[in-house]
Every structure is written in C-alpha cells, then in structure tokens.
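A look at the structure
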Amino acid sequence: MGEGTKDYLVAYRMVDNGVDLAVRQVEEYWGASAVDSMTEGLIEKLDGLRDEILKLMAAQISQNLLSSVSSTAI
C-alpha cells in the first residue's frame, strides 16, 4: 500500500472519528432518542464525504497503475 493510499484511509477514518464524537455529544446532551433525528443531515454529509475520499483514492491508484504500466517497456 502506497503512502498516498494510507493518507486517504487516514482521512476517511478521521471523518468517521469526528462524526462519532459529534454523535456521542448529541447523545450525552440530548439523549439517545434524539440522536437519529438530530444527526440525520450529518450522517448524509458524512456518506458523501466518504464517497468523495474513496473516489480520490481510486483515481490516484488508477493513475499510479497506468503510470507504472506505461513506463514498462514490452
């Protein structure tokens, strides 16, 4: 696994950790029954952000593969 791929995975996990913290705070302050309704928009945005991080990672991996193939003489 390349360093760039690791960085994307770290970013992905950091997003998850941030949302986990926010959800715990909502639960602690407003109670478990409020979590779903209060964090619905946050979770939707999280899903979109995670998708974008994975797209960027996939694009970089694809580019790295294409570069390695095109630089190899046949």
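All of these numbers come straight from a predicted model, not from anything done at the bench.

Definitions and cut-offs
- Residues numbered from 1 in each chain as written.
- Predicted model: local features only at pLDDT ≥ 70, side-chain atom pairs only at ≥ 80, totals over all residues.
- Heavy atoms only, no water.
- Patch = residues over 30% accessible without salt bridge, like charges linked within 9 Å, V, L, I, M, F, W, Y side chains within 5 Å.
- Areas by Shrake-Rupley, 256 points an atom, 1.4 Å probe, with all protein chains shown as cover.
- Salt bridge = Lys/Arg side-chain N within 4 Å of Asp/Glu carboxyl O.
- Helix = DSSP H or I, 4+ residues; strand = E, 2+ residues; numbered from the N terminus.
- Buried < 20%, exposed > 50% of the residue type's maximum accessible area, 1.4 Å probe, protein only.
- Polar contact = N/O pair within 3.5 Å; in protein donor to acceptor, adjacent residues only side chain to side chain.
- Contact = heavy atoms within 4.5 Å.
- Core = buried A, V, L, I, M, F, W, Y, C linked by side-chain atoms within 4.5 Å.
- Phe/Tyr/Trp six-rings, centres within 6.5 Å; stacked < 30°, edge-to-face > 60°.
- Expected span 1.5 Å × (residues − 1).

**With respect to a nonpolar patch on the surface**
Together, Tyr29, Trp30 and Met38 line one region of the surface with nonpolar side chains, adding up to about 390 Å² of accessible area. Relative to the helices and strands, Tyr29 resides in helix H1 (residues 3-30). The class for Tyr29 is exposed, based on a relative accessible area of 60%.

**A word on the side chain of Arg50**
Locating Arg50 in the fold gives a position in helix H2 (residues 32-70). For Arg50, the side chain forms a polar contact with the side chain of Asp47, separated by 2.6 Å. Not counting residues up to four positions away in its chain, the partners in contact with Arg50 are Tyr12, Val15 and Asp16.

**What about the nonpolar core?**
Most often, soluble globular proteins keep nonpolar side chains buried together rather than apart. Counting residues in hydrophobic clusters, the biggest one holds seven residues: Val15, Val19, Val23, Val26, Val35, Leu46 and Ile53. At the level of elements, H1 and H2 are the ones that each hand at least two residues to this core. Broken down by element, the residue count for this core peaks at four residues, all from H1. With sequence-adjacent residues up to four places away left out, Val26 is seen in contact with Gly31, Ala34, Val35, Met38 and Thr39.

**Focus: the packing of aromatic side chains**
In this structure the tally under the stated criterion is one aromatic pair. Ring geometry for Tyr29 against Trp30: centres 4.6 Å apart, planes inclined by 75°, an arrangement best described as edge-to-face.

**Some words on H1**
Look at H1: 40 Å from first C-alpha to last across 28 residues, which is about the 40 Å you get at 1.5 Å a residue. Those residues of H1 that sit buried are Thr5, Val15, Asp16, Val19, Val23 and Val26. Looking at the residues trailing H1, positive phi occurs at Gly31, about 100°.

**Here's the deal with the pattern of salt bridges**
On inspection of all chains with the given rule, the structure shows four salt bridges. A salt bridge links Asp16 to Arg13; its shortest N-O distance comes to 3.6 Å. One end of the pair, Asp16, and the other, Arg13, are both in helix H1, three residues apart, so they sit about a helical turn from each other. A residue is classified by how much of its surface remains accessible, and Asp16, at 11% relative accessible area, is buried.

**Side note on the environment of Ala32**
Looking at the secondary structure, you find Ala32 in helix H2. Placed 18 residues apart in sequence, Ala32 and Met14 show a C-alpha to C-alpha distance of 23 Å.

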